[in-house]
Every structure is written in C-alpha cells, then in structure tokens.
Amino acid sequence: MSFLTVHNSLAVPHEFATEAATLLVNTVEEATGHNPALRVNRPAPELAETSISI
C-alpha cells in the first residue's frame, strides 16, 4: 500500500466544501490513478462567517 500523508488546508465558503472536495479527489485520481482520502473539517461556528449546523 503506497500512501502519502499531506497536512494542508484549502479554505472555501462552506456551501462549496463538498464540491471542492470532490474536485480535489477527482483531480488527484485522474493524475495519479489513486483515490485519495480527504477529510472536510468545518470551522467552529464562532470562527465561521455564518452559523452552520453540525
């Protein structure tokens, strides 16, 4: 099993989080042939511009 752990972040408005995650996964898979694992972390409500339900 080959893997590479990358700790980085991409900030997008919460309404685009799922779309951005899908785009990143698809792009990496197309470029490498590997399906990466990606986790979406939503900001704490006090840090977000708008409140979200978790």
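For the structure, see preceding data.
A brief report on the enclosed structure follows. Quantities reported herein were computed from a predicted structural model and do not represent experimental measurements.

Observations concerning the overall build of the chain
Next up, step 1: Counting its secondary structure elements, the chain contains one helix and zero strands.
Next up, step 2: The buried share among the 54 residues of the chain stands at 9%.
Next up, step 3: Accessible surface, the chain as shown: approximately 5,200 Å² in total, 56% of it carbon and sulfur.

Side note on a nonpolar patch on the surface
Next up, step 1: A contiguous nonpolar patch, built from L10, V12, F16, L24 and L38 and spanning about 440 Å² of accessible area, is present on the exposed surface.
Next up, step 2: In this fold, L24 is placed in helix α1 (residues 17-32).

Structural notes on α1
Next up, step 1: With 16 residues, α1 ought to run about 22 Å at 1.5 Å a step, and its terminal C-alpha atoms sit 22 Å apart, in line with that.
Next up, step 2: Burial in α1 covers these residues: A17, A20, A21 and V25. The buried side chains of α1 occupy one side of the element, clustering within an arc of 130° when seen end-on. Opposite its buried face, α1 presents the exposed residues E19, L23 and E30, each directed more than 90 degrees away.
Next up, step 3: Of the residues flanking the end of α1, it is G33, one or two places downstream, whose phi is positive at about 85°.

A look at the environment of R42
Next up, step 1: Its place among the elements puts R42 in the segment after α1.
Next up, step 2: Taking the C-alpha atoms as reference points, R42 and A11, 31 residues apart in sequence, are found 9.7 Å from one another.

Considerations on the environment of N26
Next up, step 1: By the secondary structure assignment, N26 is in helix α1.
Next up, step 2: For N26 and P36, which are ten residues apart along the polypeptide, the C-alpha to C-alpha distance reads 8.7 Å.

Notes on the environment of A20
Next up, step 1: Tracing the sequence through the fold places A20 in helix α1.
Next up, step 2: Once the C-alpha coordinates of A20 and V40 are considered, the two residues, 20 residues apart in sequence, prove to be 9.6 Å apart.

Cut-off values and rules
Residues numbered from 1 in each chain as written. Predicted model: local features only at pLDDT ≥ 70, side-chain atom pairs only at ≥ 80, totals over all residues. Heavy atoms only, no water. Helix = DSSP H or I, 4+ residues; strand = E, 2+ residues; numbered from the N terminus. Buried < 20%, exposed > 50% of the residue type's maximum accessible area, 1.4 Å probe, protein only. Areas by Shrake-Rupley, 256 points an atom, 1.4 Å probe, with all protein chains shown as cover. Patch = residues over 30% accessible without salt bridge, like charges linked within 9 Å, V, L, I, M, F, W, Y side chains within 5 Å. Salt bridge = Lys/Arg side-chain N within 4 Å of Asp/Glu carboxyl O. Expected span 1.5 Å × (residues − 1). Arc of directions from axis to C-beta.

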